[in-house]
Amino acid sequence: MNTRIALTLALMIPATLAFADDRSSAQTALLAASCANCHGTDGKLAGAIPAIASRPATALESQLLDFKHDEQTRATVMPRIAKGYSDEELKALAQYFSNIDAASKQR
Amino acid sequence: MTNKSIKNQGLTSSRRDLLKLMGAASALPLLGACSSLGGSKELSARVVVVGGGFGGATAAKYLKRSAPQLDVTLIEPNKVFYTCPFSNLVLAGMRSMDSISHNYDELRALGVRVIHTTAQDVDPVSRTVSLGDGGSVRYEKLLLSPGIDIRWNAIEGYDQAAAEHAPHAWKAGDQTRLLRRQIEAMDDGGVFVLTAPANPFRCPPGPYERASLVAHYLSQHKPRSKVLILDAKDNFSKQGLFMQGWNEVHGDRIEWVGLSGDGKVTRVDAQKREVETEFGTIHKASVLNVVPPQKAGFIADRAGVTNESGWVPVDPMTFESTQVNDIYVVGDATLAAPMPKSGFAANAQGKVAAAAIIASLEGQRPLEPSWANTCYSLINPEYGISVAAVYKIQEGLISETSGGVSATDASATVRKLEAEYAVGWYNAISQDTWGTRR
Ligand SMILES: Cc1cc2nc3c(=O)[nH]c(=O)nc-3n(C[C@H](O)[C@H](O)[C@H](O)COP(=O)(O)OP(=O)(O)OC[C@H]3O[C@@H](n4cnc5c(N)ncnc54)[C@H](O)[C@@H]3O)c2cc1C
């Protein structure tokens, strides 16, 4: 086989496998897009409302679950919001924001 | 040609491909981990966005960052956009106009083509938008976020000329400046009259936050003055919390008259600053602020996407018009209840529509949408209240899956925290929509 074709084929396999993955990560990105309205694009804006990008996934997840189950004192809107998502969705959101590089300059 | 040379050629070009791919892969940690709503690198098509407010600017940004090869053109007449959110703070002298202004530099830097003119007409057959500057642009997908237009003369006597004497200030900019000047010039002891419309209208808690903050200004500068709200309905957003806050903070400075108390204004005499209600009561104002009935921005009519209500019905999955293919509409112009007509909702809808446009261009099913909303209102600079909700599709309709308003028994500390979060929200949504940092 021509090396070029072989290489191209080899490189295409992960791309095909990645398709379902891409769709589920786009799905999580859409779910996460709502968070940006208060936490900035990609959850990177720090201010009165804290940034959420780059924080450990476990910490984010347990905080979201605490909001959901009214176990956070001094909470305001987050308990009302967290109840709108399943535990799996909250986990995916925590994972998503923990993977964002808070220092990247992307707009 | 010998076998050897073919092989060599192959190697060379595959090596080049490999390097290109490796280059792309090494960029992944940076680009791959941000909110790409599904566009592939190669996706190229012309998408035109009309309106650079909360819905349109957000959609243009998220289209471009998800699918950088898309040709995204934003049509917006104003070089500077003034937000309605926090314009009530300008009226109360708590903020400058400059602090609620945003421009399009960051969107341009992202690669969005911004044209400062008005979209005059849409031809869905030739897929062309004609522009106020005489030009035109073609589209494969069109997204409209034109906000509201005022229904002039829906209240007798309230037309464009009347708005120069009795401002609505329901679109921010010169109207905000005019109303601010009138409030400042008002005599101590004068009455600020605000007339509120029936549902649906832009920003359900907006009139009541405005009454609160004007009352706050009056308490400091014109302590003998009052605020009178004449309302065309009997219930309003966060009513319990507003009334509690008024009681606690503003005493009897604010008076609210609902529909059954003869609050519905049917005639305005802007020159005399006088209004008449349904049952003939005449109220005289020192400053008259008419929040009039509204409809979708006129370009929605031109595109044929409005129905008899004057608003735009959309497919909740995608925010594509149910009447015209390939035209997506978001924001205040749409019928998207139970979502309110808020900047937050317009932004969230802009992202859902951007994802749906990308999916459709790629020949895929739309992603499962979800939206959130939080509307903060200030009773005074240290007293904030909020309503928040999450929305998903249930049985084909937009439904609230969770939500509610601030606790009625919240402490002063929590009220203050919500006032601080209101500022945090404003900064975040401005950054997320226009890229502006304040
Ligand atoms: C006093 C007040 C307070 C508010 N406070 C809040 C708040 O605290 N939180 C919140 O979430 N929301 C708030 N809102 C509501 C918020 O302002 C609107 O919901 C939001 O602006 C809707 O976004 P949009 O994209 O639909 O319209 P807009 O943001 O109004 O954007 C529409 C844009 O389209 C442009 N346009 C219109 N027609 C054309 C055309 N033919 N061609 C080209 N461009 C065109 C306009 O110039 C404008 O820039 C408030 C509103 C008011 C009045």
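Check the entry above for the structure.
Residues numbered from 1 in each chain as written. Chains lettered and ligands numbered in written order. Predicted model: local features only at pLDDT ≥ 70, side-chain atom pairs only at ≥ 80, totals over all residues. Heavy atoms only, no water.

Trainee: Explain the overall build of chain A residue by residue, including any values.
Mentor: Counting its regular elements, chain A contains five helices and zero strands. When its helices and strands are written in sequence order, chain A yields α-α-α-α-α. Across the 107 residues in chain A, those meeting the buried criterion constitute 42%. Long-range contacts, defined as pairs at least 24 residues apart, comprise 56% of the intrachain contacts of chain A with a sequence gap of at least 6. As presented, chain A carries roughly 5,600 Å² of accessible surface, and 61% of it is formed by carbon and sulfur atoms. (Helix = DSSP H or I, 4+ residues; strand = E, 2+ residues; numbered from the N terminus. Buried < 20%, exposed > 50% of the residue type's maximum accessible area, 1.4 Å probe, protein only. Contact = heavy atoms within 4.5 Å. Areas by Shrake-Rupley, 256 points an atom, 1.4 Å probe, with all protein chains shown as cover.)

Trainee: Now, about the interface of chain A and chain B: what can you tell me, with residues and values included?
Mentor: Contacts between the two partners involve 40 residues from chain A and, on the opposite side, 64 residues from chain B. Across the interface of chain A and chain B, roughly 4,300 Å² is buried in total on both sides, 58% from carbon and sulfur atoms. Interface area lost by chain A to chain B is led by Asn37, Arg80 and Arg107 of chain A, which between them contribute 18%. Viewed at the interface, chain B and chain A are joined by three salt bridges. Of the charged contacts in the structure, one is a salt bridge between glutamate 89 of chain A and lysine 392 of chain B, with a shortest N-O distance of 2.6 Å. Linking chain A with chain B are 21 residue pairs in polar contact (both at pLDDT 80 or more), by the criterion used here. Elements represented by at least two residues in the side of chain A that touches chain B include exactly α1 (3-33), α2 (36-39), α4 (78-82) and α5 (87-98) of chain A. Counting residues per element, the side of chain A that touches chain B draws most heavily on α1 of chain A, which supplies twelve residues. Split by residue class, the side of chain A that touches chain B holds 18 nonpolar, 13 polar and nine charged. (Buried area = accessible area lost by both parts, 1.4 Å probe. Salt bridge = Lys/Arg side-chain N within 4 Å of Asp/Glu carboxyl O. Polar contact = N/O pair within 3.5 Å; in protein donor to acceptor, adjacent residues only side chain to side chain. Nonpolar A, V, L, I, M, F, W, Y, C, P; charged D, E, K, R; others polar.)

Trainee: Give me the lowdown on the sheet that holds strand β17 (residues 287-290) of chain B, citing residues and values where you can.
Mentor: All names here are of chain B. An order of β13-β12-β11-β17 is seen for the four strands of this open sheet, with the pairing classed as parallel. Only two strands of the sheet have a single partner each, and these edge strands are β13 (254-257) and β17. Shown here is a sheet whose adjacent strand axes are inclined to one another by a mean of 15 degrees, direction ignored. Note: strand β12 (residues 226-231) against β13, four bridges, orientation parallel. Looking at the pairing, leucine 228 lines up with glutamate 255 of β13. (Pairing = 2+ DSSP bridges. Axes fitted to C-alpha atoms, helices over the stretch in contact; angles between N-to-C directions.)

Trainee: Outline the side chain of histidine 250 of chain B, listing residues and values.
Mentor: All names here are of chain B. Mapped onto the fold, histidine 250 is located in helix α8 (residues 239-250). A polar side-chain atom of histidine 250 sits 3.3 Å from the main-chain carbonyl oxygen of serine 212. If near-sequence neighbours (up to four positions away) are discounted, histidine 250 is found in contact with Ser212, Ala215, His216, Gly245 and Ile379.

Trainee: Could you give me a rundown of the sheet that holds strand β8 (residues 136-138) of chain B, with the residues and numbers involved?
Mentor: Residue and element names in this part refer to chain B. In spatial order, the strands read β6-β7-β8; together these three strands make up an open sheet with antiparallel pairing. Each end of this open sheet is capped by a strand with a single partner; those strands are β6 (119-123) and β8. Taking the axes of each pair of neighbouring strands and ignoring which way they run, one obtains an average angle of 20 degrees across the sheet. By the bridge criterion, four bridges tie β6 to strand β7 (residues 128-131) in an arrangement that is antiparallel. Of the residues in β7, the one forming a bridge with alanine 119 is leucine 131.

Trainee: If you had to explain the packing of helix α3 (residues 54-66) of chain B against helix α11 (residues 412-434) of chain B to someone new, which residues and values would you point to?
Mentor: All names here are of chain B. Interhelical geometry of α3 versus α11 gives an angle of 55 degrees and a closest axis separation of 7 Å. Classed by the angle they form, the pair α3 and α11 counts as oblique. Together, Phe54, Ala57, Thr58, Lys61 and Tyr62 of α3 and Ile429, Gln431, Asp432, Thr433 and Trp434 of α11 make up the contact between the two elements. (Parallel < 35°, antiparallel > 145°, perpendicular 65-115°, else oblique.)

Trainee: Account for the site of the ligand, naming residues and giving values.
Mentor: All names here are of chain B. Near the ligand, the surroundings consist of 36 residues, among which Glu76, Ala119, Ser145, Arg202 and Asp332 are the closest. One of the backbone N or O atoms of phenylalanine 54 is found 3.2 Å from an oxygen atom in the ligand. Protein contact buries 93% of the 990 Å² of open area that the ligand shows by itself. Of all the secondary structure elements, the ones that give two or more residues to the shell around the ligand are α3, α4 (87-91), α9 (298-302) and α10 (343-361). With three residues, the top contributor of residues to the shell around the ligand is α10. A class-by-class count of the residues in the shell around the ligand yields 17 nonpolar, 14 polar and five charged. Mapped onto the domain boundaries, the shell around the ligand takes at least three residues apiece from domain 1 (3-150 + 295-434) and domain 2 (162-292). (Near = heavy atom within 4 Å. Domains from an automatic or database assignment.)

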